Amino acid sequence: MDKVLVVGGAGYIGSHTCLNLAGRGFEPVVYDNLSNGHREFVKWGPLETGDIRDGDRLDAVISRHEPVAIVHFAALIEVGQSVTEPLQFYENNVAGTLTLLAAAERAGIDKFVFSSTCATYGIPRSTPMAETHPQAPINPYGRSKYLVEEVLRDLSDLKSLRTVILRYFNASGADPEGRIGEWHTPETHAIPLAIDAALGRREGFAIFGSDYDTRDGTCVRDYIHVMDLADAHGRAVEYLLSGGESVALNLGTGTGTTVAEMLAAIEAVSGRPFPVKHAGRRAGDSPALVADNQKAWEVLGWRPERDLDAIIESAWNWHAGRANGAV
């Protein structure tokens, strides 16, 4: 059984990708420092604890398991934190990735799947956004991912590395069987926050900005089911193993949902109304972020299979289960 090193595999998207890789016949080896990941999420292969900034530890783990490819999720991701603590983001997301890439090169691993983000595009000049959209990130989080993309492009052009860069839009939902789901501390993502409000664990939900030029005045976002994201990563690994060339791809549904529509869907699934208050716009928020995902279909044969209702239902089941003491 071929092994794939899943760096950050105890986290939200990483753990769902391990589930997908196991279903494809791979053994996912999770490498995680558990600062944001969860030991309970490592269910489909061994856990190796370690930090991506620790080259000696990476060398030892890679030597022990001899993975055929690396999938890299380990990153700090909170935009607001990146503004207050930019050095932490560059140290972990950029310097840490350089250490990981150096370890991969020493081991002769030339297949690398990278977890990137639509935040590398910055403020949209048009929607839906294709991979050719200019990249002009507006915060340290987006810039840290963009810098890594630039390094990967250089290594692809100048060395033997082949990489698939996957730019996520709004990752959402959970494993339909409830084994793993979205679990951040603190939680800052919209769907879990709204579900917490419906569960009575928060006083309510705040909509930031109701006067955008959208169909109901609230921001439009492209919510993509985490199981569909995981499927794209599994396909990316197989694409590289079959000789595929380096490429950057958007992962989104291509369909925008307003914040108000998302809240209505949660209320419909849960049957629990919850308080919603309106606040002013947040600096840096875009009116609309929607993916053009055609290239992912052309390269990987990938299209999302789950709609907003499936996202909300799976997320509700996961969070309600946690509220009842299940993990």
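This is a predicted model, so every value here is computed, not measured.

I'm lost on the nonpolar core in this one. Help?
Within soluble globular proteins, side chains that are nonpolar generally end up buried alongside one another. One finds Ile-13, Val-164, Leu-166, Val-237 and Leu-251 to be the most contacted residues of the largest nonpolar core, which totals 34 residues. The biggest single contributor to this core is helix α7 (residues 226-241), with eight residues. Other than its neighbours up to four places away in sequence, Ile-13 contacts Phe-73, Tyr-168, Ala-171, Val-226, Leu-229 and His-233.

I tried to follow the packing of helix α1 (residues 12-23) against α7 on my own but got confused; where do I start?
Each pair of packed helices can be summarised by the angle the axes make with each other and by the distance between the axes. Two elements in contact, α1 and α7, have axes separated by 8 Å at closest approach and are oriented at 60 degrees. By the criterion of interaxial angle, the relationship of α1 to α7 is oblique. As for the relative orientation of α1 and α7, their crossing is right-handed in sense. Contacts between α1 and α7 involve Tyr-12, Ile-13, His-16, Thr-17, Leu-19, Asn-20 and Leu-21 from the first element and Val-226, Met-227, Leu-229, Ala-230, Asp-231, His-233, Gly-234 and Val-237 from the second.

How do you make sense of unusual backbone geometry when you look at a structure like this?
Most peptide bonds take the trans form, and the phi angle of most residues other than glycine is negative. Cis geometry marks the peptide bond from Thr-127 to Pro-128, where omega comes out at -5 degrees. Of note, the bond from Thr-185 into Pro-186 is cis; its omega dihedral lies within 30 degrees of zero at 0 degrees. Residue position: Pro-186 is located in the loop between β7 (170-172) and α6 (190-198). Its identity is not glycine, yet Leu-34 carries a phi of approximately 60 degrees, on the positive side. By the element assignment, Leu-34 lies in the loop between β2 (27-32) and β3 (47-49). Within the chain, Glu-66 stands out as a residue other than glycine whose phi angle is a positive 50 degrees. Following the sequence through the fold, Glu-66 ends up in the loop between α2 (55-65) and β4 (69-72).

Please explain the side chain of His-184 as it appears in this structure.
On the secondary structure map, His-184 appears in the loop between β7 and α6. A polar contact is formed between the side chain of His-184 and the side chain of Glu-187, at a distance of 3.2 Å. Setting aside residues up to four positions removed in sequence, His-184 forms contacts with Tyr-12, Ile-77 and His-189.

In this structure, what is going on with the pattern of salt bridges? I would like to understand it.
Proximity of charged atoms lets side chains of opposite charge pair with each other. The tally for this structure, following the rule as stated, stands at 19 salt bridges. A salt bridge links Asp-110 to Lys-111; its shortest N-O distance comes to 2.8 Å. The exposure class of Lys-111 is buried, given its relative accessible area of 16%. Residue Glu-150 is joined to Arg-153 by a salt bridge in which the shortest nitrogen-to-oxygen separation is 2.8 Å. With a gap of three residues between them, Glu-150 and Arg-153 both fall in helix α5 (residues 140-158), about one helical turn apart. Taking the relative accessible area as the measure of exposure, Glu-150 reaches 33% and is therefore partly exposed. What you see here is one network of salt bridges that share partners, running through Arg-24, Asp-231, Arg-235 and Glu-238.

Explain the environment of Ala-198 here, please?
Along the chain, Ala-198 falls in helix α6. Put simply, Ala-198 and Trp-316 are 118 residues apart on the chain and 9.5 Å apart in space, counted from C-alpha to C-alpha.

Which parts of the structure should I look at to understand the pairing of strand β6 (residues 162-168)?
Consecutive side chains along a regular strand alternate between the two faces of the sheet. Across the seven residues of β6, seven count as buried, placing the element largely inside the fold. Burial along β6 is two-sided: the face carrying Arg-162, Val-164, Leu-166 and Tyr-168 and the face carrying Thr-163, Ile-165 and Arg-167 are both buried. Here strand β5 (residues 111-117) pairs with β6 via seven bridges, running parallel. Bridging across to β6, Val-113 finds its partner in Val-164. Assessed by its sense of winding, the connection that carries the chain from β5 through α5 to β6 is right-handed. As defined by bridge partners, β6 adjoins strand β11 (residues 247-251) across five bridges and the pair is classed as parallel. Bridging across to β11, Tyr-168 finds its partner in Leu-251.

Even after reading the chapter, I still don't get the sheet that holds β2, so can you show me in this structure?
Taking strand neighbours across the sheet as the criterion, the seven strands line up as β3-β2-β1-β4-β5-β6-β11 in an open arrangement whose pairing is parallel. Looking at which strands have only one partner, the edges of the open sheet turn out to be β3 and β11. If you compare each strand with its neighbour and ignore which way they point, the axes differ by 20 degrees on average. Relative to β2, strand β1 (residues 3-7) is paired through five bridges, and the arrangement is parallel.

What am I meant to see in the packing of aromatic side chains here?
To describe a pair of aromatic rings, you give the distance between the ring centres and the angle between the ring planes. Tallied over the full model, the rule gives two aromatic pairs. An angle of 65 degrees between the planes, with centres 5.7 Å apart, marks the rings of Phe-41 and Trp-183 as edge-to-face. You can see Phe-41 sitting in the loop between β2 and β3 and its partner Trp-183 sitting in the loop between β7 and α6, a full 142 residues away along the chain. Accessibility assignment for this pair places Phe-41 and Trp-183 in one class, buried.

About the criteria used
- Residues numbered from 1 in each chain as written.
- Predicted model: local features only at pLDDT ≥ 70, side-chain atom pairs only at ≥ 80, totals over all residues.
- Heavy atoms only, no water.
- Core = buried A, V, L, I, M, F, W, Y, C linked by side-chain atoms within 4.5 Å.
- Buried < 20%, exposed > 50% of the residue type's maximum accessible area, 1.4 Å probe, protein only.
- Helix = DSSP H or I, 4+ residues; strand = E, 2+ residues; numbered from the N terminus.
- Contact = heavy atoms within 4.5 Å.
- Axes fitted to C-alpha atoms, helices over the stretch in contact; angles between N-to-C directions.
- Parallel < 35°, antiparallel > 145°, perpendicular 65-115°, else oblique.
- Left-handed = near helix turned anticlockwise from the far one by under 90°.
- Polar contact = N/O pair within 3.5 Å; in protein donor to acceptor, adjacent residues only side chain to side chain.
- Salt bridge = Lys/Arg side-chain N within 4 Å of Asp/Glu carboxyl O.
- Pairing = 2+ DSSP bridges.
- Right-handed = clockwise from strand over helix to strand, strands pointing away.
- Phe/Tyr/Trp six-rings, centres within 6.5 Å; stacked < 30°, edge-to-face > 60°.

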